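Examining the three-dimensional arrangement
Chain by chain, the residues run as shown.
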Amino acid sequence: MKKNMYMKVKAFLMFVLLFLCSIGTKAQELGANYNENIDYPITEIEMLKKSKVTWVRGFVNIPNLFLQNENRKITGVKESAIKTHIPTLKFIQAKKALGDRVKFILSLKIPFELYADTVPKVGSEEMEYIFRATEALLQTYQMAQHIDILVMGNEPEWENVVDADFIHADAADYRAFLNEFANRLAAWKQANGWTFDIYAGALNRVSELTNSKTAPAVVSVVNSNPNVAGLDLHVHALNVSQAENDFKIIRNQYGVTKKLICTEFSMVRALNPHVADALGAWGTQNGYTSVMKIYEYLNRIAEKASAGTPVSAEEFKSLFESYSWYPKNWYRRFYAVFKKYDTYAITGRFSVVPGGARAVYTATTEMWELGGIYFSRYLGLDADGFYNPNPLLYPDFLEARDGLAVSSLIEGQRELFISWGNGADKTGVLSVTAKDGAEVVRQPLNSEDYTLVENLAPGTSYRVALLKSSDNSVLWEADVKTKPVAGEFPLLKYQQVDGYTLVQLLNLPADVASCKLKVDGQEIDIVNKTLNGQVLTAEVTYEDGSVETLSTTIRK
Amino acid sequence: MRVIYALLSCLPAFASCAETEYAENGIGKKNITGYTDVGFYSPDGVCVFTEPEQIQTAINPKRLTYRLQNSDQSKYIHAKFTEKPVAIGQKIKAELSFQGVSFLKEGVEMEVARIDGEKVWLSSDNVDVIIPVF
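This write-up is about the structure you can find in this document.

Parameters and conventions
Residues numbered from 1 in each chain as written. Chains lettered and ligands numbered in written order. Predicted model: local features only at pLDDT ≥ 70, side-chain atom pairs only at ≥ 80, totals over all residues. Heavy atoms only, no water. Helix = DSSP H or I, 4+ residues; strand = E, 2+ residues; numbered from the N terminus. Buried < 20%, exposed > 50% of the residue type's maximum accessible area, 1.4 Å probe, protein only. Contact = heavy atoms within 4.5 Å. Areas by Shrake-Rupley, 256 points an atom, 1.4 Å probe, with all protein chains shown as cover. Axes fitted to C-alpha atoms, helices over the stretch in contact; angles between N-to-C directions. Parallel < 35°, antiparallel > 145°, perpendicular 65-115°, else oblique. Left-handed = near helix turned anticlockwise from the far one by under 90°. Nonpolar A, V, L, I, M, F, W, Y, C, P; charged D, E, K, R; others polar. Pairing = 2+ DSSP bridges. Buried area = accessible area lost by both parts, 1.4 Å probe. Salt bridge = Lys/Arg side-chain N within 4 Å of Asp/Glu carboxyl O. Polar contact = N/O pair within 3.5 Å; in protein donor to acceptor, adjacent residues only side chain to side chain. Expected span 1.5 Å × (residues − 1).

Counting its secondary structure elements, chain B contains two helices and nine strands. Each helix (α) and strand (β) of chain B, taken in turn from the N terminus, gives the series α-α-β-β-β-β-β-β-β-β-β. Looking at chain B as a whole, 43% of its 134 residues are labelled buried. Within chain B, contacts between residues separated by at least 24 positions form 40% of all contacts whose residues are at least 6 apart in sequence. Here chain B displays about 6,700 Å² of accessible surface, and carbon together with sulfur accounts for 55% of that area.

Below, the structure written as structure tokens:
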């Protein structure tokens, strides 16, 4: 009898494990990387909305900003610096402005190369300072509640090393640090009801750094620690095939089955050696000189853009495509790799922010900016005041974005709103499956642009799949988690999602009997084309017959 | 830019409005009936949490509850009264739940100071309140 029960429990646990391990297949989502740090405020809210990216990533340098350092040793935590760090508030404000359709990733940059002993030992005072600073950062302005992914590092192969050959990195201590960090974060999540996923990484140029001891250490934590949801990869490639090589090693050689994200990718290293190349025949054919250098050209067109007379996108594109060394359509080729290896979130450089870039290029400037989707610095603004796109990448970005099956996926507490993209087969069937394998929803798309799934349980994982109606083959699938109830009192919320206004009632208590939504007294649905009116109300009827009326003025 | 950051850094402090001994002792207590906006006021009038500033209200006339909250509920005050305020001078107990504000106590005894057709003014040593008529 006991053995029978043991087998049942074992079978159930195996199923749960398989369910968790398979999270994230076939759900590539595009995003925007705000590299370096969150200190430069994300002000491009409308552009981000227009671009329809669904992820935003920024990173914060913990030692530089939030730790006291003396003689290459961590000596304390700058508590007040953390609690008054306005860029944190700005980061959260950007998240609030973008709504639920855009999820945020926060990477913690902790360059242990700063310290004499590199990675501190588990249990040391120094390590506790790092954890305390992180906990305080997550508590400040409710940072933890506004991020979906926290990455516990940023390119540790580069930032932990003691020698330049990457062989003597402090790998064992870093592995111990990551395991302890993930366990602490999991404990804080449990204690505070935080729901973000924990990632390790980001490993950069995996296929190049074959001698690195840091990469296997990081991967071993990802593979073995149940508190770690996945791995962040950076692909700053020297040649276009490197993206494939990096992902292949991670999936096939290291055996990583958990989610992969890629929060930085570029071909900047292939471009940099050419920053001082002459324009050659292209220069004389286009009104410049043949001896003008690329960096001089970039400075010249930046001046033109600044004066309101930018050069055309065609001119800009034709220059780079005139060079045999320029890796044409590298963005498209990278995206094909991300798709092939089930990369969950992909955040490439979004823009070159006016004033946020190097003022003048020289013969040694790295051409990071050419990897941005938008850049007003070189090509100015469009009629609406948005940055003009980068013609080298933008068509590939659009192709990737517009080929997605899902344009937006909003996880509410009891509902899912899925706005279908051009890549969706709208003759298909949506299937929602609970953790125990039971299908809780099955409904045809009926050629509609969106699907609303209601009556789900809060804080619960589901597998969502778009199935081909003829044979039930999976066309798209993702694992989602409804948001947990986060308060004891109902809250009315509305947000714009892909041309619709989604109205949600959050934190409904268990004794609610029914709800009605109204605009200026007229009953409305959860999903609306627009909210034509001034006052949005919700009537929440409880089992005791009482009615709570929530009201808010609609802000356009 | 630094000035802007300095001003912004002060905002959370104003919003949460720390409880002061000044207000606790009732020194400088303002007359609640002079206010007009529905909402919650510290007795010295320094801290306010009112309808024009908070974007969402919730009222349940049967359960005698009234709540003001912002769009993500990071700040709210929820008041549950033990009886319906109907007469000036009437003493009513209220249980207060709150987040993001710090000038309140969880349980207070309030006195009805004024009633008009649409609103009721209630006063106590810890907080003054104007609510819609239930």
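Now that the structure has been shown, the text picks up again.
Time to look at the overall build of chain A. Each helix and strand counted, chain A has 18 helices and 26 strands in total. Sorting the 556 residues of chain A into buried and exposed places 56% on the buried side. Accessible area for chain A stands at about 23,200 Å²; split by element, carbon and sulfur atoms hold 50% of it.

Bringing the packing of helix 9 (residues 171–192) of chain A against helix 10 (residues 214–224) of chain A into the picture now. All names here are of chain A. Where helix 9 contacts helix 10, the axes come no closer than 9 Å and their chain directions differ by 25°. In this view, helix 9 runs roughly parallel relative to helix 10, as classed from their interaxial angle. Considering how the two elements wind past one another, helix 9 and helix 10 form a crossing that is right-handed. Together, A171, Y174, R175, L178 and N179 of helix 9 and T214, A217, V218, S220 and V221 of helix 10 make up the contact between the two elements. When the residues that make up the contact of helix 9 with helix 10 are grouped by side-chain class, the tally is six nonpolar, three polar and one charged.

On to the pairing of strand 14 (residues 416–420) of chain A, then. All names here are of chain A. With five of its five residues buried, strand 14 lies for the most part within the structure. Covered by surrounding structure in strand 14 are L416, I418 and W420 together with F417 and S419, the residues of both alternating faces. As defined by bridge partners, strand 13 (residues 406–411) adjoins strand 14 across five bridges and the pair is classed as antiparallel. Residue pairing in the sheet places I410 in a bridge with F417 of strand 14. Joining the antiparallel neighbours strand 13 and strand 14 is a turn of four residues. In the sheet, strand 14 pairs with strand 17 (residues 450–453) via four bridges, with the strands oriented antiparallel. Bridging across to strand 17, S419 finds its partner in Y450.

Contacts between chain A and chain B engage 28 residues on the former and 25 residues on the latter. Counting the surface lost from both chain A and chain B, the interface buries some 2,000 Å², and carbon and sulfur atoms represent 47% of this. Among the residues of chain A in contact with chain B, A:I86, A:F489 and A:L491 are the three that bury the most area, contributing 27% of the side total. At the junction of chain A with chain B, the criterion picks out four salt bridges. We note a salt bridge from A:E548 to B:R67, for which the minimum N-O separation is 2.9 Å. At the boundary of chain A and chain B, one finds 16 residue pairs in polar contact (both at pLDDT 80 or more).

What follows covers the environment of A:K516. Mapped onto the elements of the fold, A:K516 is located in strand 22 (residues 512–519). Sequence separation between A:K516 and A:E539 is 23 residues; the distance between their C-alpha atoms is 5.1 Å.

Before going further, it helps to spend a moment on the sheet that holds strand 1 (residues 29–34) of chain A. Residues and elements named next belong to chain A. Pairing in this closed barrel of eight strands is parallel, and the strands run 1-2-5-6-7-8-9-10 around the ring. Between one strand and the next, the sheet's axes are offset by a mean angle of 25°, whatever the strand orientation. In the sheet, strand 8 (residues 230–236) pairs with strand 9 (residues 259–266) via seven bridges, with the strands oriented parallel. Its bridge partner lying in strand 9, L231 is registered against L260. Strands strand 5 (103–109), strand 6 (149–151) and strand 7 (197–204) of the sheet are contacted by helix 9, whose axis makes an angle of about 155° with strand 7.

This next bit is on helix 5 (residues 86–98) of chain A. Given a rise of 1.5 Å per residue, 13 residues ought to cover 18 Å, and the 18 Å separating the end C-alpha atoms of helix 5 of chain A matches this to within 8%. Looking at the residues trailing helix 5 of chain A, positive phi occurs at A:G99, about 75°.

Our focus in this paragraph is the sheet that holds strand 17 of chain A. All names here are of chain A. A sheet is described by the order of its strands in space; here three strands give the open sequence 13-14-17, paired in antiparallel fashion. In the strand order of this sheet, the two ends are held by strand 13 and strand 17, each with one partner. Each adjacent strand pair in this sheet contributes to an overall mean axis angle of 10°, direction not counted.

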